Amino acid sequence: MTKFNPITPEIVAELTQIVGAANVILDAEKLEAYSHDETPKDQFSGMPEVIVTPTSTLQVAEIMKLANARLVPVTPRGAGSGLSGGAIPLHGGILMAFEKMNKVLDVDLQNMMIEVQAGIVTNEINAIVEDDGLFFAGYPMSLESCQIGGNIAENAGGGKAIKYGVTDRYITGMEVVTPLGDILKIGGKIVKDVSGYDLKRLYIGSEGTLGIVTSATIKLTPLPKAKTDLLVLFPDVQSAIEIVPMILSKLGIVPTSIEFMDRLSVETSCKYLNEHLDYESCGSMLLIEVDGTTQEQVDSEAEMIGDLCVENKAIEVYVADNYTTQERVWAVRRNIAEAFKVYSPHQSLEDIVVPIAQIPALTEEIAKLSAEFSLSMPSYGHAGDGNLHTTLIKPPEMALEAWYELEDKVVKRLYQVVMALGGKLSGEHGIGIKRKAYYQDVVAPEELELMRTLKKALDPNNILNPGKIFDLA
Ligand SMILES: Cc1cc2nc3c(=O)[nH]c(=O)nc-3n(C[C@H](O)[C@H](O)[C@H](O)COP(=O)(O)OP(=O)(O)OC[C@H]3O[C@@H](n4cnc5c(N)ncnc54)[C@H](O)[C@@H]3O)c2cc1C
């Protein structure tokens, strides 16, 4: 393991010279606030020794050169909304936060592109171009807090990925500072580019371990003119899940979203929001959104989907065709994670992904695990992408030590199931530190070795976000 040096008063003085005193933070309360992200704090945290908030790419490059010379680790951080511990400074050192690099650099309506600094809050991008009838279609559900730099590092996706894809589809250009402090400008406003290796894809999804994104050029998409949401109630989990591949293959319709929520997930979120959805009579729900250019087309597709659901065991199909009701049902879906956190703070939020046709088999296996371990394992998520957020909930009476043991055992078994179905450990939250130990057990050795070779070549001193995804040794 790399032996890092501690942050000394001399290093703090050098950092102050680069970014100015107002952008160097040593205050204990702030250090604590940046010691964790949205993964449970009792299991995943690490204290930074100093926080810097650079205001330019040049400053970021200078900090990286200094960090190499002094052999201190640097952890990039966006909004800290991550769910795999990626922004946690495991080895102390410098935490580089991007909140002050939040400017819009260029809005180019003719090319339908926007260029922004890495620290802009994702939803602000949409707010800026909304009046021009455009949006960034790859956004995750945390868009009101997360930053575009964090989205790129995680290759985040969201509730619309089935139709619009995830972040990587929309990033056409990037400015990146390498671990050694060089500045790279990759791509641009072009929508096609096969000139040399696709270096954008090397950095997108690399969880801040290969380079630091300081700005990005994003391709914008025309806002759909019409949309309709269906809230479909099913008697059980299996019948809801079985309909998902049928919508795609039988009807040939690609909805904007097919979100799945089992009964406990809906109930918990409704309780948290003081909302009332008709969950008492059902075992699970699908929230299906269809969008398009005309209301007639959208309504006709929604009707076909509704009919298919009714022919296949749906108890009820509710149509949400205006903003207020659409917001009501989406709020329930968006707040499930937060609700579980409030009512069951000790839990493991998983992010498993399988081929779409394997989702029925996956939910069957989850039910078996839940019964075998007498453990509550509610599931919800992006069923249209094969991506479920199964959540392992600590039984209230269980001691913490026993819970950590049980959690480890069940997570291992769950990952075995997922891999056997041709899936992966994470569809959008990343490996970070939360899944690192498990990932090393399931990834092919040749693949792991190639990733280690890349990391060593780009970051010879292992100073950029060390200890994430995999260990080097
Ligand atoms: C309520 C809730 C809902 C969520 N919904 C979704 C969802 O629908 N889809 C989804 O994909 N995720 C979701 N997430 C997870 C999280 O919001 C995303 O992973 C998001 O992309 C993280 O962005 P961030 O700015 O908070 O990054 P952080 O958490 O601060 O960091 C995440 C990773 O990015 C790296 N990083 C940050 N900025 C940079 C940079 N400029 N350059 C290089 N590396 C950088 C960090 O080192 C870290 O490894 C959700 C989280 C919450 C709490």
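Residues numbered from 1 in each chain as written. Predicted model: local features only at pLDDT ≥ 70, side-chain atom pairs only at ≥ 80, totals over all residues. Heavy atoms only, no water.

1. Thoughts on the state of the cysteines
Here's step 1: Scanning the model with the defined rule gives zero disulfides in all.
Here's step 2: Left without a disulfide partner, C309 is nearest to the cysteine sulfur of C282, which lies 13 Å away. (Disulfide = S-S within 2.5 Å.)

2. Quick look at helix α10 (residues 295-311)
Each turn of an α-helix holds 3.6 residues, which means side chains three or four residues apart point in the same direction.
Here's step 1: Helix length check: α10 (17 residues) gives 24 Å between terminal C-alpha atoms against 24 Å at 1.5 Å per residue, within 8%.
Here's step 2: Looking only at α10, the buried set comprises V298, A302, I305, G306, L308 and C309. On an axial view of α10, the arc spanned by its buried residues comes to 160°, and they lie on one face. Turned more than 90 degrees off the buried face of α10, the exposed positions are E296, E303, V310 and E311. (Helix = DSSP H or I, 4+ residues; strand = E, 2+ residues; numbered from the N terminus. Expected span 1.5 Å × (residues − 1). Buried < 20%, exposed > 50% of the residue type's maximum accessible area, 1.4 Å probe, protein only. Arc of directions from axis to C-beta.)

3. Looking at the domain arrangement of the protein
Here's step 1: Domains assigned within the protein are domain 1 (1-223 + 443-473), domain 2 (226-337) and domain 3 (344-420).
Here's step 2: Just the C-alpha atoms count here: the centres of domain 1 and domain 2 sit 34 Å apart.
Here's step 3: On the side of domain 2, 12 residues touch domain 1, which itself brings seven residues to the contact.
Here's step 4: Between domain 1 and domain 2 the total buried area reaches about 760 Å² when both faces are included, carbon and sulfur atoms providing 58% of it.
Here's step 5: It is M141, I162 and K163 that lose the most area in domain 1 upon contact with domain 2, and together they represent 68% of the buried surface on that side.
Here's step 6: Our enumeration of links across domain 1 and domain 2 arrives at two salt bridges.
Here's step 7: The salt bridge partner of K163 is D291, with a shortest N-O separation of 2.6 Å. (Domains from an automatic or database assignment. Contact = heavy atoms within 4.5 Å. Buried area = accessible area lost by both parts, 1.4 Å probe. Salt bridge = Lys/Arg side-chain N within 4 Å of Asp/Glu carboxyl O.)

4. Some words on the nonpolar core
Here's step 1: In terms of nonpolar packing, the biggest core is built from 52 residues, with I243, L286, I288 and L362 touching the most fellow members.
Here's step 2: Contributions of two or more residues to this core are made by β12 (226-234), α8 (237-249), β13 (257-262), β14 (284-292), α10, α13 (359-372), α14 (400-420) and α15 (436-442).
Here's step 3: Examining the composition of this core, we find that eight residues originate from one element, α14, more than from any other.
Here's step 4: Setting aside residues no more than four positions away along its own chain, I243 makes contact with F234, L286, L308, C309 and N312. (Core = buried A, V, L, I, M, F, W, Y, C linked by side-chain atoms within 4.5 Å.)

5. Notes on the site of the ligand
Here's step 1: Around the ligand, the surrounding shell holds 34 residues, and the nearest of these are P76, G78, S81, S142 and G157.
Here's step 2: In the model, an oxygen atom of the ligand is placed 2.9 Å from a nitrogen or oxygen of the M141 main chain.
Here's step 3: Residue G150 places a main-chain N or O atom 3.4 Å away from an oxygen atom belonging to the ligand.
Here's step 4: For the shell around the ligand, the secondary structure elements donating two or more residues are β3 (74-77), α5 (148-154) and β10 (212-219).
Here's step 5: Element by element, the count of residues in the shell around the ligand is highest for α5, at five residues. (Near = heavy atom within 4 Å. Polar contact = N/O pair within 3.5 Å; in protein donor to acceptor, adjacent residues only side chain to side chain.)

6. Topic: the pairing of β13
Successive side chains on a regular strand alternate, one facing one side of the sheet and the next facing the other.
Here's step 1: For β13, a buried count of six out of six residues is recorded, marking the element as mostly surrounded by other parts of the structure.
Here's step 2: Residues S257, E259 and M261 of β13 are buried on one face, and the alternating residues I258, F260 and D262, pointing to the opposite face, are buried as well.
Here's step 3: Bridge count for β13 against β14 is six bridges, and the pairing is antiparallel. From the neighbouring strand, S257 faces β14, where its bridge partner is E289.
Here's step 4: Taken together, the three bridges between β13 and strand β18 (residues 380-382) define a ladder with antiparallel strand orientation. When the sheet's bridge partners are listed, M261 is paired in β18 with Y380. (Pairing = 2+ DSSP bridges.)

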